[in-house]
Amino acid sequence: MRGDGDGWSLGPDGMRHWGKFGAAGLLLRAPLAGGGVAVLLQHRAPWSHQGGTWALPGGALDSHESPTTAAVREAWEEAGIRPDDVRVRGERVTASAPSGWIYTTVVADTTEPLRTSRNRESTELAWVPEDEVADRQLHPGFAAAWPGLRAAPARVSPGDDEELAAALPRIVDLAEDGFLWLHSEPDGPGADARIVDTAAENPVDAVPSEAAVLALTRSQILG
């Protein structure tokens, strides 16, 4: 039933978290025209919990919803992002409580920084370059999770593989090895498809190792 998850989950220690069945948010990335990648952030309304901070569009799960369904719905309600424009790539449980409550971050991408439309829960929505996210006043929960959600950039030469070229740019979820933001680097006719390099000069938690990047397969890129 729509809305039956709205409410507080109370823990044995008296702590409360929003969402009777847990909560989820959408971490949506898009390529920037001049290169690089941006993340969609929501500036929370002053009246909301941790109002005035920046976080992800998100909210409570209803009883019938998966984290992905809820996160995509919340992005539509809070930011005007159409579900058909969202390409989900993975999930991470980024917070939990003794009550059994969990917060799931759903990781996704889209083809360009989409036009947004805020509701009353936001004072602003912004596409923020990934390397500038930590400069904002972040919601404490998102700030704690962000190092493990960052994506290392990697350039891919698709060669003559048109299917591979069409799949880029995109996020790839390497599970315990973290996330990659893959973008194409044309290498001329007849070149073999290959990973060119990574640009993670300042590694943070969960940024993939060079070995994990170089072991990336075509099926993972297309998956």
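In this text the structure is predicted, and so the values were computed from the model without any measurement. (Residues numbered from 1 in each chain as written. Predicted model: local features only at pLDDT ≥ 70, side-chain atom pairs only at ≥ 80, totals over all residues. Heavy atoms only, no water.)

A look at helix H1 (residues 67-79)
What counts is decided by this rule: Helical segments are the DSSP runs of H or I of at least four residues, strand segments are the runs of E of at least two, and each set is numbered from the N terminus. Multiplying one less than the number of residues by 1.5 Å gives the expected span of a helix. Note on classification: 1.4 Å probe, protein chains only; a residue is buried when its accessible area is under 20% of the maximum for its type, exposed when over 50%, partly exposed between these limits. Here a residue-residue contact requires only that any non-hydrogen atoms of the pair lie within 4.5 Å.
Here H1 contains 13 residues, and its C-alpha end-to-end distance of 17 Å stays within 8% of the 18 Å for a straight helix at 1.5 Å per residue. Along H1, the residues classified as buried are Pro67, Ala70, Ala71, Val72, Arg73, Glu74, Ala75, Glu78 and Ala79. Structurally, H1 contributes buried residues whose contacts are with strand S3 (23-31), strand S4 (37-44), strand S6 (58-60), strand S7 (87-96), strand S8 (102-109) and strand S9 (122-129). In the segment just after H1, glycine 80 is the residue with positive phi, at about 70°.

Side note on the confidence of the model for the chain
The line we're drawing: Confidence scores per residue from the predictor, reported as pLDDT, run from 0 to 100.
On average, residues of the chain score 85 in pLDDT, and 86% of them reach the 70 mark or higher. For the stretch residues 200-206, pLDDT sits under 50, and the model shows twelve contacts to residues farther than four places along the chain or on other chains.

Points about unusual backbone geometry
For the peptide bond that leads from leucine 168 to proline 169, omega is 0°, which places it in the cis range. With respect to the helices and strands, the residue proline 169 is situated in the loop between helix H3 (162-166) and strand S11 (170-173). Phi at alanine 175 is positive, roughly 55°, even though this residue is not glycine.

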